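The chain contents come next:
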Amino acid sequence: AQHPRTSGRIMLGLRGEELLEVHHAGSNAQASWLLGGLECAIQDGAIFFATPIDPLFLLLPLLEKARGAAIGERRGLFKPLSDIFTTDDATLE
């Protein structure tokens, strides 16, 4: 998937019916995590965490393009959903 604001690739996950964006916080400096329950040290220093994301946020670029904002068409045209969610890159069905 692509991030609507940055157009960068993002990782998504599901927890039940909730959509999550997975983030990676890497560390260029030397760092470790001390985990009490496992009684060990993780030497990598990087961590993954997930935050909830509204699925509509991912659809905004497609909806903007469909109304003509991205390609210079007259704005506000009605289009069938199949035209909106079918692109050269991917098809949502």
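Quick look at the overall build of the chain
No. 1: Across its full length, the chain carries two helices and five strands.
No. 2: Counting from the amino terminus, the chain carries its helices and strands in the arrangement β-β-β-β-β-α-α.
No. 3: The buried share of the chain, reckoned over its 93 residues, is 13%.
No. 4: Counting only contacts in the chain whose residues sit at least 6 apart along the sequence, the fraction spanning at least 24 positions is 39%.
No. 5: Counting every atom, the chain has about 7600 Å² of accessible surface; 55% of that belongs to carbon and sulfur.

Looking at the pattern of salt bridges
No. 1: Tallied over the entire structure, the rule returns one salt bridge.
No. 2: Where Glu-18 meets Arg-15, a salt bridge forms, and the shortest distance between an N and an O atom there is 2.5 Å.
No. 3: By relative accessible area, which is 29% here, Glu-18 ends up partly exposed.
No. 4: Residue class for Arg-15 comes out exposed when judged on its relative accessible area of 53%.

Some points on the environment of Ala-31
No. 1: Counting through the fold element by element, Ala-31 comes out in the loop between strand S2 (18-25) and strand S3 (33-35).
No. 2: Between the C-alpha atoms of Ala-31 and Gly-45, which are 14 residues apart in sequence, the distance is 4.5 Å.
No. 3: Residues within four places of Ala-31 in sequence aside, it is in contact with Ile-42, Gln-43, Asp-44 and Gly-45.

A closer look at the sheet that holds strand S1 (residues 11-15)
No. 1: Pairing is antiparallel across the open sheet formed by three strands, whose spatial order is S1-S2-S5. Edge positions in the open sheet fall to S1 and strand S5 (47-52), since each of these has one partner strand only. Neighbour-to-neighbour, the strand axes of this sheet turn through a mean angle of 40°, independent of strand direction.
No. 2: Judged from the five bridges that link them, S1 and S2 form a sheet pairing that is antiparallel. Looking at S2, one finds that Leu-14 is bridged to Leu-19.

Section: the pairing of S2
No. 1: Where S1 folds back onto S2 in an antiparallel hairpin, the turn is made up of two residues, including Gly-16, whose phi is positive at roughly 70°.
No. 2: Note: S2 against S5, six bridges, orientation antiparallel. Pairing of Ala-25 across the sheet is with Ile-47, part of S5.

A few points about the environment of Arg-5
No. 1: With respect to the helices, strands and loops of the structure, Arg-5 is situated in the segment before S1.
No. 2: Residues Arg-5 and Pro-61 lie 56 residues apart in sequence; the distance between their C-alpha atoms is 8.5 Å.

The rules behind each value
- Residues numbered from 1 in each chain as written.
- Predicted model: local features only at pLDDT ≥ 70, side-chain atom pairs only at ≥ 80, totals over all residues.
- Heavy atoms only, no water.
- Helix = DSSP H or I, 4+ residues; strand = E, 2+ residues; numbered from the N terminus.
- Buried < 20%, exposed > 50% of the residue type's maximum accessible area, 1.4 Å probe, protein only.
- Contact = heavy atoms within 4.5 Å.
- Areas by Shrake-Rupley, 256 points an atom, 1.4 Å probe, with all protein chains shown as cover.
- Salt bridge = Lys/Arg side-chain N within 4 Å of Asp/Glu carboxyl O.
- Pairing = 2+ DSSP bridges.
- Axes fitted to C-alpha atoms, helices over the stretch in contact; angles between N-to-C directions.

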